[in-house]
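# Summary of the model geometry
The lines below spell out each chain.
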Amino acid sequence: MEERLTHRGHQNSLFSHDGIHDSQTHLAAPSYFYELLEQEIAISDRSGVAFSLIRIVFRKARLIDSQLNETIDAADILYFSEALKDLTRKQDCVARLGINECVILVKANSSNVEILLTRLISAPHLTVENSLIILAASVEFQMGERALTLLNRLDMVSLSTL
């Protein structure tokens, strides 16, 4: 599991003062995402409307000299998050939950999620000029499921390369 942003110390504040946005990427902060997830679960339980989660992890690509550079700089994170926002719909919530991990709450059925994944795969600017490797997984909400169960199931799904 990737390092979660909620476990960072107070010396390095990653969120705006309102707790809604990550201050580095302006994506949704974890606390705001979890609140929206709970709301979407309640809506889905009442109406039967489907939704899915997509987990995206990005890592530095291997360098020519075959050394792995683990450090992802702030510019790469910013370019990646901007590309991710451009590739998703406004009604979908894109949140940064880890240092190099984002989750998208997609208010649509699994066929629309596949379309979004295809769009992500075919978007070269998401890899920040091939400097990042993008891995993704998705799950669809099942009626009666709770947020923690859904997120645990998402964490258990194998990530595949985009």
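Below: a short report on this structure. (Residues numbered from 1 in each chain as written. Predicted model: local features only at pLDDT ≥ 70, side-chain atom pairs only at ≥ 80, totals over all residues. Heavy atoms only, no water.)

### Examining the packing of aromatic side chains
- Inspection of the entire model under this criterion finds 3 aromatic pairs.
- For the ring pair F51 and F141, a centre distance of 4.8 Å and an interplane angle of 15° mean the geometry is stacked. Of the two residues, F51 sits in the loop between α1 (30-47) and β1 (52-60) while F141 sits in the loop between β4 (132-140) and α4 (147-156), which places them 90 residues apart along the sequence. Taken individually, F51 and F141 each receive the classification buried, so the pair is uniform in this respect. (Phe/Tyr/Trp six-rings, centres within 6.5 Å; stacked < 30°, edge-to-face > 60°. Helix = DSSP H or I, 4+ residues; strand = E, 2+ residues; numbered from the N terminus. Buried < 20%, exposed > 50% of the residue type's maximum accessible area, 1.4 Å probe, protein only.)

### Here we look at the pattern of salt bridges
- Going through the model one piece at a time under the given rule, you end up with 9 salt bridges.
- Salt-bridge contacts for R55 lead to D155; the nearest nitrogen and oxygen are separated by 3.7 Å. With R55 in strand β1 and D155 in helix α4, this pair connects stretches of sequence that are 100 residues apart.
- Under the relative-accessibility criterion, R55 is labelled buried at 5%.
- Between E145 and R153 there is a salt bridge, with the nearest N and O atoms lying 2.9 Å from each other.
- Owing to a relative accessible area of 7%, E145 belongs among the buried residues under this scheme.
- Counted as one network, the salt bridges with shared partners bring together R55, E101 and D155. (Salt bridge = Lys/Arg side-chain N within 4 Å of Asp/Glu carboxyl O.)

### Section: the packing of α1 against α4
- As a packed pair, α1 and α4 sit with axes 10 Å apart at the nearest point and diverge in direction by 110°. The orientation of α1 with respect to α4, classified from their angle, is roughly perpendicular. In the crossing of α1 with α4, the sense of the turn from one axis to the other is right-handed. Touching F33, Y34, L37, E38 and I41 of α1 are A147, L150 and L151, all from α4.
- Here the residues of the contact of α1 with α4 are counted per class, giving 7 nonpolar, no polar and 1 charged. (Axes fitted to C-alpha atoms, helices over the stretch in contact; angles between N-to-C directions. Parallel < 35°, antiparallel > 145°, perpendicular 65-115°, else oblique. Left-handed = near helix turned anticlockwise from the far one by under 90°. Contact = heavy atoms within 4.5 Å. Nonpolar A, V, L, I, M, F, W, Y, C, P; charged D, E, K, R; others polar.)

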